[in-house]
Amino acid sequence: MDPSRRSLLVGACLAWLVPDTAGAQPAAPDREHLPRIEVPALSEDPTAVPVHVWVEHPMQPDHFIRSIDVRLDRDPVPHKGTFYFTPANGQASVAFQMRSGAGGTLRATAECSRHGRFEGRRDVRVSEGGCTTAPDATDREGAGNPRLRLSGATRPGEVVQVRAKLDHGSYTGLVVKDGRIVRQAPEYYVKAMLVFLDDEKVSEFRLTSAVSANPLIRFPLRLARPGRLRVVFVNSEGRRWEVSQPIRF
């Protein structure tokens, strides 16, 4: 065989054997990037399904988890929230309760500052109707009373868990009519939760009407220095509530 032809054939075979990596995610330790989801396999209350999502990844200034996005595509309100983190959190983790109208596969997508996006999945079953439950008539009258609580030792460098809670209704505005889900009223819910240490923004959690009423949100905070921890809630009508707590060593 002509040597030039033999080289051409060998090159073609090698090209066929080597996988095409164009457009693939850069190689990275999967364990550090894959979102973990903790949720009941069967939830009897579809208006308050507990969800905990986290990523076992370092939170360094030049390499950290920027965000976790949570969705359940079969639900009438599929988007459950996008949770933004900084290295000041110490961990990328959030726990909350959500509404679910149908159940299905819950998807959490984490974005790494270096390696792009990674997705974790977990199945959840619920009773029907979590996204179309009528609101309490006193929802608007009782809105407010923000609270903060830190759990764990307050020592420099420690990561503690923070619980932030607000008395506030959650209404998707959807109802079932003639077997179909239709909009009856505007949504009413806590739209955002902003976390600051003094004037430094630590986190921003963008919520949806699929988050349960009276939201209780748990997230981590690294105690890098003394200061004042502030949490600001903003609802879908633009009303704001703020609560703060000093951090001392």
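Since this is a predicted model, take the numbers as computed values, not measurements.

Quick notes on the overall build of the chain
Consideration 1: Regarding its fold elements, the chain presents 2 helices and 17 strands.
Consideration 2: Burial statistics for the chain: of 249 residues in total, 44% are counted as buried.
Consideration 3: Sequence separation of 24 or more characterises 65% of the internal contacts of the chain that already satisfy a separation of 6 or more.
Consideration 4: With an accessible surface of roughly 13200 Å², the chain has 50% of that area assigned to carbon and sulfur atoms.

Describing the sheet that holds strand β4 (residues 65-72)
As a general point, the strands of a sheet are linked pairwise by backbone hydrogen bonds and lie either parallel or antiparallel.
Consideration 1: If you trace the 9 strands from one edge of the open sheet to the other, you get β2-β8-β7-β4-β5-β14-β13-β16-β17, paired in mixed fashion. Only two strands of the sheet have a single partner each, and these edge strands are β2 (42-43) and β17 (240-247).
Consideration 2: Strand direction decides the pairing type here: strand β13 (residues 190-197) and strand β16 (residues 227-235), joined by 7 bridges, are antiparallel. Residue pairing across strands places L197 opposite L229, the latter belonging to β16.

Description of unusual backbone geometry
Consideration 1: Backbone geometry places D198, a non-glycine residue, at a positive phi of 55 degrees.
Consideration 2: Here the phi dihedral of N214 falls at roughly 50 degrees; this positive angle occurs in a residue that is not glycine.
Consideration 3: Mapped onto the elements, N214 comes out in the loop between β14 (200-207) and β15 (216-222).

Here we look at the packing of aromatic side chains
Consideration 1: For the coordinates displayed, the defined rule picks out 4 aromatic pairs.
Consideration 2: Between F83 and F96 the ring centres are 5.2 Å apart and the planes differ by 35 degrees, which places this aromatic pair in the tilted class. Placement of the pair is F83 in strand β5 (residues 79-84) and F96 in strand β6 (residues 92-98), with a sequence separation of 13 residues. Both residues of the pair, F83 and F96, count as buried.
Consideration 3: Look at F83 and F205: their rings are 5.4 Å apart centre to centre, the planes differ by 70 degrees, and that puts the pair in the edge-to-face class. Here F205 lies in strand β14 and F83 lies in strand β5, a separation of 122 residues in the sequence. Accessibility assignment for this pair places F83 and F205 in one class, buried.

Details of the pattern of salt bridges
Consideration 1: This model, assessed by the stated rule, comprises 13 salt bridges.
Consideration 2: Among the ionic pairs, D198 bridges to R225, the shortest N-O distance being 2.7 Å. With D198 in the loop between β13 and β14 and R225 in the loop between β15 and β16, this residue pair connects regions lying 27 residues apart in the sequence.
Consideration 3: The partly exposed category is assigned to R225, whose relative accessible area is 29%.

Looking at the nonpolar core
Consideration 1: With 52 residues, the main nonpolar core has I68, F96, M193, F205 and V231 as its most contacted residues.
Consideration 2: When residues no more than four places from it in sequence are discounted, the contact partners of F96 are V49, P50, V51, V70, K80, F83, V211, L216 and I217.
Consideration 3: With 5 residues, the next largest nonpolar core counts A192, L194, V232 and V234 among its residues.

A look at the environment of R230
Consideration 1: By the element assignment, R230 lies in strand β16.
Consideration 2: Sequence separation of R230 and D198 is 32 residues, and the distance between their C-alpha atoms is 7.0 Å.
Consideration 3: Not counting residues up to four positions away in its chain, the partners in contact with R230 are L194, V195, F196, D198, D199, E242, V243 and S244.
Consideration 4: In terms of polar contacts, R230 uses its side chain to reach the backbone carbonyl oxygen of D198, at 3.3 Å.
Consideration 5: At a separation of 3.2 Å, a polar atom in the side chain of R230 contacts the side chain of E242.

As for the environment of F233
Consideration 1: Relative to the elements of secondary structure, F233 occurs in strand β16.
Consideration 2: Put simply, F233 and V243 are 10 residues apart on the chain and 8.7 Å apart in space, counted from C-alpha to C-alpha.
Consideration 3: In contact with F233, other than residues within four places in its own chain, are P146, A164, K165, L166, V190, A192, M193, R239, R240 and W241.

Some remarks on the confidence of the model for the chain
Consideration 1: Per-residue pLDDT for the chain has a mean of 85; in total, 84% of the residues score no lower than 70.
Consideration 2: Note that pLDDT drops below 50 for residues 3-29; the model gives that stretch 9 contacts with residues more than four away or on any other chain.

Conventions used here
Residues numbered from 1 in each chain as written. Predicted model: local features only at pLDDT ≥ 70, side-chain atom pairs only at ≥ 80, totals over all residues. Heavy atoms only, no water. Helix = DSSP H or I, 4+ residues; strand = E, 2+ residues; numbered from the N terminus. Buried < 20%, exposed > 50% of the residue type's maximum accessible area, 1.4 Å probe, protein only. Contact = heavy atoms within 4.5 Å. Areas by Shrake-Rupley, 256 points an atom, 1.4 Å probe, with all protein chains shown as cover. Pairing = 2+ DSSP bridges. Phe/Tyr/Trp six-rings, centres within 6.5 Å; stacked < 30°, edge-to-face > 60°. Salt bridge = Lys/Arg side-chain N within 4 Å of Asp/Glu carboxyl O. Core = buried A, V, L, I, M, F, W, Y, C linked by side-chain atoms within 4.5 Å. Polar contact = N/O pair within 3.5 Å; in protein donor to acceptor, adjacent residues only side chain to side chain. pLDDT = per-residue confidence, 0-100.

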